[in-house]
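Examining the three-dimensional arrangement
This is what each chain is made of:
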Amino acid sequence: MAIMEILQVKQLSFAYPDEQHQVLRDITFTVNEGDFVVLCGASGCGKTTLLRQLKPELTPVGQNHGTIYYNGNLLNELPAQQSAQEIGMVFQNPDNSIVMDVVWHELSFGMENLGYSLPVMRSRLAEIAQFFGLEPLLYKPIHELSGGQKQLLNLASVLLLQPKLLLLDEPTSQLDPVAAREFISMVYRLNREFSTTVIISEHRLEEVIPLADQMIMLEKGKLKYSGSPREVSQQIQTHRIHDLKSHDDLSDDFKYLPSVTQLFWTMQTEEAYSDLHIPLTVREGKQWLQTLDWNDGAVHAIANQSIPLSMQKMQSPERSKESILLECREVTFQYEKKSAEVLKKLDLQIYKGEMLAILGGNGAGKSTLLQLLAGLLKPRRGTVKQADHVKIGYLAQNPLLYFSHDTVAEELSTAAHYAGVAEPEVVIAKLIKQLQLEGLEQKHPHDISGGQQQKTALAIVLLLNPDILLLDEPTKGLDPLAKIALARQLLELRQAGHTIVIVTHDVEFAASYSSRCAMLFDGMITATDVPSTFFSENVFYTTAVNRVVRDWLPGILTAEEVLKLWHVPASG
Amino acid sequence: MTSGFRALHPVTLFLFYGGLLLCGMLLFHPVFLLTGIVLLVSLIVIQKHGGTIVKMLPLYLLIGIAIVVINPLISHRGRYILFYFMDQPITLESVLYGVTMLLSLTLILLTSLSYNYNVTTDKFMYLFARLVPQSALVVMMALRFVPLLRRRLSQITLVQRTRGISVHEGSLTKRMRDGMTLVKVLLVWSLEEALQSADSMKARGYGTTKRTAYVVHRMDRRDRWLTGCLSILILVIMVGSALGWGRAVIYPRMQSMVFSMEDWILYVCFGIYMLIPVIVEGKEWLSWKYSK
């Protein structure tokens, strides 16, 4: 018997009512039962819209064309009850998809809706609670749970209905890397152990792509690539070589591949390559590098070289006593009298012109530290000392906190007014251009995309003309391209004389763009150094590329750095 | 701590406190009320939340003194005049009535303290949900929003301060305007997110068929047995009280406080009623103490 096709999408197009522009155009693909499908593409390319088309209850009103078959029958003829049971959906923000106040009640919510009998509910709940390790949390109020626990709870409450098809819309975008990895491995386990078909849209592709049976890439509502991850990477490479030859603008699709695969393809000259040899994971990457001839003269010379000094200097400004803008001296902080100390006698200096990345686990106190630096919180003991006339701008994780007006333009002009900007129109126009916010001026801040909201909030902060810019998790929920754009903007700001401090979980981002990294652990800064030294000492807290090449090129963190050293293409 | 009296089924607990409230109002007799207070306080102490009594004390004293002092001043009924205060006769009856009223109030207050400790919100919601499932669902969803909105508001306050919007500085009108802005940000944000909650409900089949309810609390033999006992005792107390037993006659003229036969019957019933939680809790305590 042939493999069952659980889902068949044929020439699907969709437009919102009264809009000419089609959000989805002519999309065709099939999903086999038990497949793990990764859906990727830039923000706003139609990933969420597509997922909603696959869940009849959530399909937005608009003009649909094309057909979707679920198990051989038309999807929109599926009875509501069956659809609720068999197609499960997990949303982006764990907070918003929770409905009840206590864990057991949230878990039973779906089953109650479908009118299950008590013994059925009991046995299913027992099973799932054990599978997810939720037993100790069963009677807890949900607001006491961490973000990762909440998202696992969402997944569990969907699974209690025993879905055949599981749709996940960027489920890890609000989670820290550790929780995200745990969540994805749980989804993968469900896929392997129960053959649940999974369609997941993600930005954290490094971890998901190696797991996928099928990868679907959308661009502006159209299906651009589809196939196994290796096939897709091959297609992207073919496209790239073509662009290189014809001197067109390089397509950014390449950035969606795992960094090991990127490294692999940039070091290849041949267009085609045997599928099997394309590395997707660190392990495969190392195996590939072992096949290279490291005794080749050119390669050998590079391998023995430590990082060229020129590369470090370019990034790291001078650090002297005079250039300290902001300094923490033995800062101790706790939220309540009885709660634990979040920061313990923490010392940290921030130097003029640098971009400092503060890394640390979840709940290590990174956000607290940033708020202390911004002067929003006062330390219990110790001092946060500013150099004279230093202005500080603070960008919180959630840009929605900044918006209180009806249009982006109004937000900016009030901010300019508050900051006492001399020529508000000129300054605002310049900022809008710099941050690429053109055309959004008359939109409501809640109606624009997450990345655009973040940039608007950044513009509000920049109007204060701060010397030091403090950013809390600026890469959270951004797709790879938006991250690069953000990095470019931060670089421009640094060149314009701003000092930047970010707290982040994003090791790749910190390694690629910061000039200095600090590790926050147990309430203290345990290590600070330039990225190359900082990360090359770590085994876990380092970039994927570093883990691949460290035996040969210690201190190298990104694919770009490898390429800078590697002008001679080598082949195995 | 979820063992002992707290571990009883919510229906049993609810019945106990309902009955106790009724007793506090029906049994208007200082001896009954004092017995009730002593046993309830011992329950509270055994359950180790005596601190709640201490916290309530200042407010309680204020109300208590007011009642004891005000009643004789405004009521001059009674036969035995103790003394004259500003030409007003102060009678023994009115003083005693005030004291009894105070005792009744004390019992009711202590009942509410112990109730809050033993019948937590989720237990109450559980009972409520069985009676009116739809409204209970709405209430439960609303309950989730209380800590959520509070947390969001504190975040908004922190960030908006960097934009010069703060309720702590500036003129009164500016502060009020800023306060409104903060609430507006909170509401717009929360409404936006509520749409997603609605999607999540729909995705899990809300409204497709008639809802059932998941039951976490099971009624065991002890629960059933105790519920039976409590019900019978309450019934006896209600009937007895309707017949005028267990009630001190103070107005218009004070009668003897000595118990009649009927009073004794009622007193024993009330005593057993009040002893039930103490025994349940005490048994638990003993079993822990001697199990090591």
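Rules of the game
Residues numbered from 1 in each chain as written. Chains lettered and ligands numbered in written order. Predicted model: local features only at pLDDT ≥ 70, side-chain atom pairs only at ≥ 80, totals over all residues. Heavy atoms only, no water. Domains from an automatic or database assignment. Core = buried A, V, L, I, M, F, W, Y, C linked by side-chain atoms within 4.5 Å. Buried < 20%, exposed > 50% of the residue type's maximum accessible area, 1.4 Å probe, protein only. Helix = DSSP H or I, 4+ residues; strand = E, 2+ residues; numbered from the N terminus. Contact = heavy atoms within 4.5 Å. Axes fitted to C-alpha atoms, helices over the stretch in contact; angles between N-to-C directions. Parallel < 35°, antiparallel > 145°, perpendicular 65-115°, else oblique. Left-handed = near helix turned anticlockwise from the far one by under 90°. Buried area = accessible area lost by both parts, 1.4 Å probe. Salt bridge = Lys/Arg side-chain N within 4 Å of Asp/Glu carboxyl O. Polar contact = N/O pair within 3.5 Å; in protein donor to acceptor, adjacent residues only side chain to side chain. Pairing = 2+ DSSP bridges. Patch = residues over 30% accessible without salt bridge, like charges linked within 9 Å, V, L, I, M, F, W, Y side chains within 5 Å. Areas by Shrake-Rupley, 256 points an atom, 1.4 Å probe, with all protein chains shown as cover. Lys, Arg positive; Asp, Glu negative; His and termini not counted. Charge placed at Lys NZ, Arg CZ, Asp CG, Glu CD. UniProt positions renumbered as here; feature names shortened; annotations may be inferred.

**Here we look at the domain arrangement of chain B**
- Domain assignment breaks chain B into domain 1 (4-119 + 220-290) and domain 2 (130-203).
- Between domain 1 of chain B and domain 2 of chain B, the C-alpha centre-to-centre distance is 42 Å.

**A few points about the nonpolar core**
- Among the nonpolar cores identified, the biggest contains 84 residues, and Leu369(A) and Tyr402(A) are the most heavily contacted of them.
- Residue contributions to this core peak at 6 residues, all from helix 17 (residues 450-462) of chain A.
- Excluding residues that lie within four positions of it along the chain, Tyr402(A) makes contacts with Tyr394(A), Leu395(A), Ala396(A), Glu411(A), Ala457(A), Ile460(A), Val461(A), Val159(B), Gln160(B), Thr162(B) and Arg163(B).
- Within the second largest apolar cluster, 78 residues are counted, among which are Met186(A), Leu292(A), Val548(A) and Val549(A).

**Considerations on the packing of helix 9 (residues 229-246) of chain A against helix 10 (residues 259-266) of chain A**
Residues and elements named next belong to chain A.
- For the pair helix 9 and helix 10, interaxial distance at closest approach is 11 Å and the crossing angle is 45 degrees. With respect to helix 10, the axis of helix 9 lies oblique. Helix-helix and strand crossings are classified by hand; for helix 9 and helix 10 the assignment is right-handed. In this structure, helix 9 uses Ser 233, Gln 234, Gln 237 and Arg 240 to contact helix 10, whose residues at the interface are Thr 261, Trp 265 and Thr 266.

**Describing the interface of chain A and chain B**
- The interface is formed by 57 residues belonging to chain A together with 46 residues belonging to chain B.
- Both faces combined, the contact of chain A with chain B buries some 4,700 Å², and carbon together with sulfur accounts for 58% of it.
- Of all residues in chain A, Asn96(A), Asn113(A) and Leu401(A) bury the most surface against chain B, accounting for 15% of the area lost on that side.
- Run the count over chain A and chain B and you get 4 salt bridges.
- For Arg163(B), the salt bridge identified is with Glu411(A), shortest N-O distance 2.9 Å.
- Counting across the interface, chain A meets chain B through 25 residue pairs in polar contact (both at pLDDT 80 or more).

**Let's talk about the sheet that holds strand 5 (residues 73-74) of chain A**
Residue and element names in this part refer to chain A.
- One open sheet accounts for 4 strands, arranged 2-1-4-5; its pairing is antiparallel. The outermost strands of the open sheet, each flanked by one partner alone, are strand 2 (24-32) and strand 5.
- In terms of strand pairing, strand 1 (residues 5-15) meets strand 2 through 6 bridges, oriented antiparallel. If you follow Phe 14 over to strand 2, its bridge partner there is Leu 24.

**Thoughts on the environment of Ile199(A)**
All names here are of chain A.
- The topology assignment puts Ile 199 in strand 8 (residues 197-201).
- Each C-alpha atom, one on Ile 199 and one on Glu 354, is 41 Å from the other, the two residues being 155 residues apart in sequence.
- With residues up to four places along the chain from it excluded, the contact list for Ile 199 reads Leu 7, Val 31, Val 37, Leu 51, Leu 54, Leu 165, Leu 166, Leu 167 and Leu 168.

**Here we look at a positive patch on the surface**
- A cluster of like positive charges, contributed by Arg122(A), Arg218(B), Arg221(B) and Arg224(B), occupies part of the molecular surface.
- Looking at the secondary structure, you find Arg122(A) in helix 5 (residues 118-132).
- Exposure remark for Arg122(A): the relative accessible area of 31% places this residue in the partly exposed category.

**Focus: the UniProt feature "domain: ABC transporter" (unreviewed entry) in chain A**
Residues and elements named next belong to chain A.
- UniProt records the feature "domain: ABC transporter" (unreviewed entry) for residues 7-245 and 326-547 in the present numbering.
- Here residues 7-245 is 40% helix and 25% strand, with 39 Å between the C-alpha atoms at its ends.
- In the segment residues 326-547, helix accounts for 35% and strand for 25%; the C-alpha atoms at its two ends are 34 Å apart.

**Notes on the environment of Ile432(A)**
Residues and elements named next belong to chain A.
- On the secondary structure map, Ile 432 appears in helix 16 (residues 424-434).
- Here Ile 432 falls in the buried class, since its relative accessible area comes to 8%.
- Through-space distance from the C-alpha of Ile 432 to that of Ser 323 is 31 Å; in sequence the pair is 109 residues apart.
- Every residue in contact with Ile 432, bar those within four places of it in the chain, is listed here: Leu 412, Leu 437, Glu 438 and Glu 441.

**What about the UniProt feature "transmembrane region" (unreviewed entry) in chain B?**
Residue and element names in this part refer to chain B.
- UniProt records the feature "transmembrane region" (unreviewed entry) for residues 12-45, 57-74, 95-115, 127-146, 225-244 and 264-282 in the present numbering.
- Here residues 57-74 runs as 100% helix and 0% strand, with 26 Å between its end C-alpha atoms.
- Annotation note: span residues 225-244, helix share 90%, strand share 0%, distance between end C-alpha atoms 29 Å.

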